[in-house]
Amino acid sequence: MDTNRHARANTPPASGPANVAGAVTPWGVELVLDLHGCNLEMISDGDVLRRFASVLVAQLGMTAWGEPLCERFALHDPDAAGYSLVQLITTSSITAHFAERSRTAFLNIFSCQPFDTDTVTAFVAAFFDASHSTSRVIHRWAGAAPQT
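Residues numbered from 1 in each chain as written. Predicted model: local features only at pLDDT ≥ 70, side-chain atom pairs only at ≥ 80, totals over all residues. Heavy atoms only, no water.

**Student:** For this particular structure, what's the right way to read the nonpolar core?
**Tutor:** Here is a general trend for soluble globular proteins: nonpolar side chains tend to be buried in one another's company. Counting residues in each nonpolar core, the largest one holds 34 residues, and the members touching the most others are Leu35, Phe52, Leu56, Phe98, Val124 and Phe128. Elements with a minimum of two residues in this core: β2 (28–36), α1 (40–43), α2 (46–60), β4 (82–89), β5 (92–99), β6 (104–111) and α3 (117–127). Top element by residues in this core is α2. It accounts for seven residues. In this structure phenylalanine 52 touches Leu85, Leu107, Phe123, Val124, Phe127 and Phe128, once residues within four positions along its chain are discounted. (Core = buried A, V, L, I, M, F, W, Y, C linked by side-chain atoms within 4.5 Å. Buried < 20%, exposed > 50% of the residue type's maximum accessible area, 1.4 Å probe, protein only. Helix = DSSP H or I, 4+ residues; strand = E, 2+ residues; numbered from the N terminus. Contact = heavy atoms within 4.5 Å.)

Below, the structure written as structure tokens:
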């Protein structure tokens, strides 16, 4: 049994498109992050979530493209009700949905600029005071798919 509060699944391909130096280089990286037991006050406050977007962009070392879109909706379904957040970044996007009743957060961070997924996972989990998180890292490829 895994006793790590914040588990990660990362299976990078063994081979793929090569850059000029011959190293395997994905087009981009997507971090898929599920947080459980989040601080309800934080995930149900639009101002906190907009601030989070700004802080996360800085943590990633990236540049925001405009202001974040942050709206609370799905109020017809108490299990799904909560804020959704979209922050465009110059290298792609950050999206999230925060389900208030279950105190969960579901984030996707995709960028063609590399970033440290472990550091970002720890930062986001700490920001929302999550009791548990799981993450997956997906390497995205342009052109020919990597050989496995």
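**Student:** I keep staring at α2 and nothing clicks. Help me out?
**Tutor:** Compared with the 21 Å implied by 1.5 Å per residue over 15 residues, the 21 Å span of α2 between its first and last C-alpha is a close match. Within α2, burial applies to Gly46, Val48, Leu49, Phe52, Ala53, Leu56, Val57 and Leu60. Against α1, β3 (69–73), β4, β5, β6 and α3 lie the buried residues of α2. For α2, the N-terminal capping position is held by aspartate 45, with its side-chain oxygen 2.9 Å away from the main-chain nitrogen of aspartate 47. Directly after α2, the chain includes glycine 61, whose backbone phi takes a positive value near 75°. (Expected span 1.5 Å × (residues − 1). Polar contact = N/O pair within 3.5 Å; in protein donor to acceptor, adjacent residues only side chain to side chain.)

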